[in-house]
Amino acid sequence: RIMDRLICGDVGYGKTEIALRAAFKAVQEKNEGSVIIATVFLLLFFIGSTCRQIYAGFMYVIPERDTYNVIYTLLGTVGVVLLWVVVNWGVCVLFEGKGRIKKIYICTCYSLYPLILYSALFMLLSYFVSPSSVSFISVLSTVCTLYFVFMLLSAMMTVHEFGFSKSVGTALFSVVGMGIIGFL
């Protein structure tokens, strides 16, 4: 089976990319991904974002619990992910991609893992790290976001069976499409 192999090698030889591609390939070919688990990841992303905005340390977040509106967070997390799935599916249909909307949804939600981890780490670290050390949290945020983008591009390459440049192009078209739909 695809996922039952051990990957060994020196630093810089692409072990992580191979493992990610194998995981997304298992979703693509063997239907080993689960919509329920993907939805749990999406809900964890929403809950993590909500808790990060409300319950993080007072030195990093100004608590406005009285005026906080969870609908904006819902639209900014779940709404954006669902909009990405629909627009990416539409763009990739135009570019002859092979991904189905279910597989795009599963792989997109699985790719949210670094952002879920960042929310938990941010909430924990916001109580212990002083504001003068905010650069550490900024670096952590950047690393988790870049890893999310890397996972999402790897997922779209695998699901749609595109090369790297075509995946980046369709991702950019998807972001522009999301902007157009958001503007309307």
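For the structure itself, look to the data block above.
Worth saying up front: this structure is predicted, and the values here are computed from it rather than measured. (Residues numbered from 1 in each chain as written. Predicted model: local features only at pLDDT ≥ 70, side-chain atom pairs only at ≥ 80, totals over all residues. Heavy atoms only, no water.)

Caption draft 1: Quick peek at helix 5 (residues 113-125). In this model helix 5 runs 18 Å from its N-terminal to its C-terminal C-alpha over 13 residues, within 8% of the 18 Å that 1.5 Å per residue would give. Within the span of helix 5, buried status applies to Pro 114, Leu 115, Ile 116, Tyr 118, Ser 119, Phe 122 and Leu 125. Among the structural elements, helix 2 (35-55), helix 4 (101-111) and helix 6 (134-160) are those in contact with the buried residues of helix 5. (Helix = DSSP H or I, 4+ residues; strand = E, 2+ residues; numbered from the N terminus. Expected span 1.5 Å × (residues − 1). Buried < 20%, exposed > 50% of the residue type's maximum accessible area, 1.4 Å probe, protein only. Contact = heavy atoms within 4.5 Å.)

Caption draft 2: Just the packing of helix 6 against helix 7 (residues 164-183), in detail. The N-to-C vectors of helix 6 and helix 7 enclose an angle of 110°; their axes lie 9 Å apart at closest approach. Judged by the inter-axis angle, helix 6 sits roughly perpendicular to helix 7. Of the two elements, helix 6 crosses helix 7, and the hand of that crossing is right-handed. From helix 6, Leu 153, Met 156 and Met 157 reach across to helix 7, where they touch Phe 164, Ser 167, Val 168 and Ala 171. Counted by class, the contact of helix 6 with helix 7 contains 6 nonpolar, 1 polar and no charged residues. (Axes fitted to C-alpha atoms, helices over the stretch in contact; angles between N-to-C directions. Parallel < 35°, antiparallel > 145°, perpendicular 65-115°, else oblique. Left-handed = near helix turned anticlockwise from the far one by under 90°. Nonpolar A, V, L, I, M, F, W, Y, C, P; charged D, E, K, R; others polar.)

Caption draft 3: Layout of helix 6. Under the 1.5 Å per step criterion, the end-to-end length of helix 6 is 39 Å for 27 residues, consistent within 8% with the ideal 39 Å. Trailing helix 6 by a residue or two, Glu 161 shows a phi angle of about 60°, which is positive.

Caption draft 4: Fine view of the layout of surface pockets. The volume enclosed by the largest pocket comes to roughly 280 Å³. Forming the walls of the largest pocket are 17 residues, and the residues nearest its centre are Val 80, Trp 84, Phe 148, Leu 152 and Met 178. Listed by contribution, the elements that provide at least two residues to the lining of the largest pocket are helix 3 (70-94), helix 6 and helix 7. Partitioning the lining of the largest pocket into residue classes produces 14 nonpolar, 3 polar and no charged. Quantified by volume, the second largest pocket comes out at close to 190 Å³. Listed by contribution, the elements that provide at least two residues to the lining of the second largest pocket are helix 2, helix 3, helix 5 and helix 6. Within the lining of the second largest pocket, the residues separate by chemical class into 6 nonpolar, 8 polar and 1 charged. (1 Å grid on protein atoms, 1.4 Å probe; cavity = no way out; pocket = protein on both sides within 12 Å on 5 of 7 lines; lining within 4 Å. Points joined across faces, edges and corners; volume = space filled by probe spheres on them.)

Caption draft 5: How the structure looks around the pattern of salt bridges. Per the stated rule, a full pass over the model turns up 1 salt bridge. Note that Lys 98 and Glu 161 form a salt bridge whose closest N and O atoms lie 3.5 Å from each other. Of this pair, Lys 98 sits in the loop between helix 3 and helix 4 while Glu 161 sits in the loop between helix 6 and helix 7, and the two are 63 residues apart along the sequence. Looking at Lys 98, the relative accessible area reads 53%, which means it is exposed. Looking at Glu 161, the relative accessible area reads 42%, which means it is partly exposed. (Salt bridge = Lys/Arg side-chain N within 4 Å of Asp/Glu carboxyl O.)

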